[in-house]
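Here is what each chain is made of, one letter per residue.
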Amino acid sequence: MNKSTFSRYLILFTVILAVAAIAAFFIYRRHTTSDTECLAFSEPVDEAALTAAALEEIKSNPFSDLSVPTYLTKVEDLYFIVDCYHNQVIYHDNLTDPLWQWSVMTDEINRGHTLASDGIVYLIDDTENNRILIFEKRDGRFLHTQTFSDIGNRPHYIVYDEKTNTFYAWSSMSGEMYLFRHDSGDTRVYLAGIRKIDELDNVYVRSFTIQDDVIYFVSGNSSIIKAKLNTFKILDTWPVPDTMAGMIQLTPIQDYFYITVSTDMTGNQDYATIIRTRNLSGLMSGEYEDVYGNFIGGGTPYYMTYVDNAWYLTEHRLPGHSVWRFQVTDNKITDVEAVY
């Protein structure tokens, strides 16, 4: 090999090494970036499509019932219900009109579970498509403005945390949390960071609970995990009985942790219930109370939310009471009524 050929090979080899180093850097940054950096924006916004959508008639809810409702919330003057098995999110200005009078926010989702908003943008998990959809309200209608694809494995639960100005979107099967933000005065949402609990990879965990500077993850098979919110460093772990291994949500209400349970360790929904405990460390020793009898029981309770000074519970498997409203006064469950 002459000197000239050797030089060309050396230059080519150097370029290949440089490209590999840059690629490795971006892969590394994807998993280690600080919360102040922007990992990615969504797919480009199609302004022509938004203009066309703004001219379309608002779609009325085609169903007179709910099929596995998972979440109820209120943003400004509108109520929203995630109607999971009808593959839609619906909204209305009251909870007394029949469901067929509600409007459809979106039916572009496959088994979505939750909606979160800061009053400016609205995030919805498109669970079976591994997407997060972004909506904005313009001139009285909701427009789908952004789409984030490849968000973990079955994103299942989104919460907006006002203290950190961050949307936390949980990938229910990969142990990953996707952090979304937008700048003040700008509705364009970006992916700000990804955190992970390695112990929850390949474990079906349906939700999390942020309380001050810590975050709780309900049991997907064996234990509840408490971690630091800013680092996801595990602070504590509490084992749970096999009968309540498939938890849905953990909600602090007054002096208790209320926990909705979907299945036992084997996935059997016959064990679905609601329990409450003052001490998470006492679950294994039976230090809890079953309170599902306050809601008749027999179905599968799902997520709880606090709206307009009342608690709401979504439920499925039984007709006639898909959404409950109730109060908790002096640690007593009162004023229980079926809304839908």
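Residues numbered from 1 in each chain as written. Predicted model: local features only at pLDDT ≥ 70, side-chain atom pairs only at ≥ 80, totals over all residues. Heavy atoms only, no water.

*Asks:* Tell me about the pairing of strand 25 (residues 332-338), and please be specific about residues and values.
*Replies:* Of the strand pairs in this sheet, strand 24 (residues 323-329) and strand 25 are connected by five bridges, and their pairing is antiparallel. From the neighbouring strand, Thr-329 faces strand 25, where its bridge partner is Lys-332. Here strand 24 folds back onto strand 25, and the loop between the two strands holds two residues, one of which, Asp-330, carries a positive phi near 50°. (Pairing = 2+ DSSP bridges. Helix = DSSP H or I, 4+ residues; strand = E, 2+ residues; numbered from the N terminus.)

*Asks:* Run through the pattern of salt bridges, naming residues and quoting values.
*Replies:* Going through the model one piece at a time under the given rule, you end up with ten salt bridges. The partner of Asp-213 in a salt bridge is Lys-228, and the shortest N-O contact between them spans 3.4 Å. Taken together, the positions of Asp-213 in the loop between strand 14 (208-211) and strand 15 (214-217) and Lys-228 in strand 16 (residues 223-228) put the pair 15 residues apart, joining distant regions of the chain. In this structure, Arg-276 and Glu-289 form a salt bridge, with 2.9 Å as the shortest nitrogen-oxygen distance. Of the two residues, Arg-276 sits in strand 20 (residues 273-277) while Glu-289 sits in strand 21 (residues 289-290), which places them 13 residues apart along the sequence. (Salt bridge = Lys/Arg side-chain N within 4 Å of Asp/Glu carboxyl O.)

*Asks:* Can you tell me about the sheet that holds strand 10 (residues 155-161), naming the residues and giving the values?
*Replies:* The antiparallel open sheet is built from five strands, whose spatial order is 1-13-12-11-10. Two strands bound the open sheet, and with one partner strand each, they are strand 1 (40-41) and strand 10. The sheet contact formed by strand 11 (residues 166-171) and strand 12 (residues 176-181) spans five bridges and is antiparallel. Its bridge partner being in strand 12, Ser-171 is matched across the sheet by Glu-176.

*Asks:* Let's hear about the nonpolar core: which residues, and what values?
*Replies:* Phe-80, Met-105 and Phe-217 are the most contacted members of the largest nonpolar core, which has 50 residues in total. The element contributing the most residues to this core is strand 15, with four residues. Ignoring anything within four residues of it in the chain, the contact list for Phe-217 reads Trp-170, Met-177, Ile-197, Leu-200, Val-205, Ser-207, Phe-208, Ser-223, Ile-224, Ile-225 and Phe-232. Leu-39, Ala-169, Phe-180 and Ile-194 belong to the second-largest nonpolar core, a separate cluster that totals 16 residues. (Core = buried A, V, L, I, M, F, W, Y, C linked by side-chain atoms within 4.5 Å. Buried < 20%, exposed > 50% of the residue type's maximum accessible area, 1.4 Å probe, protein only. Contact = heavy atoms within 4.5 Å.)

*Asks:* Just give me the short version of the side chain of Thr-166, but keep the residues and values in it.
*Replies:* Mapping Thr-166 onto the fold places it in strand 11. Given a relative accessible area of 0%, Thr-166 falls into the buried group. A distance of 2.8 Å separates a polar atom in the side chain of Thr-166 from the backbone oxygen of Thr-164. Once you skip the residues sitting within four places of it in the chain, Thr-166 turns out to touch Val-159, Tyr-160, Asp-161, Leu-179, Phe-180 and Arg-181. (Polar contact = N/O pair within 3.5 Å; in protein donor to acceptor, adjacent residues only side chain to side chain.)

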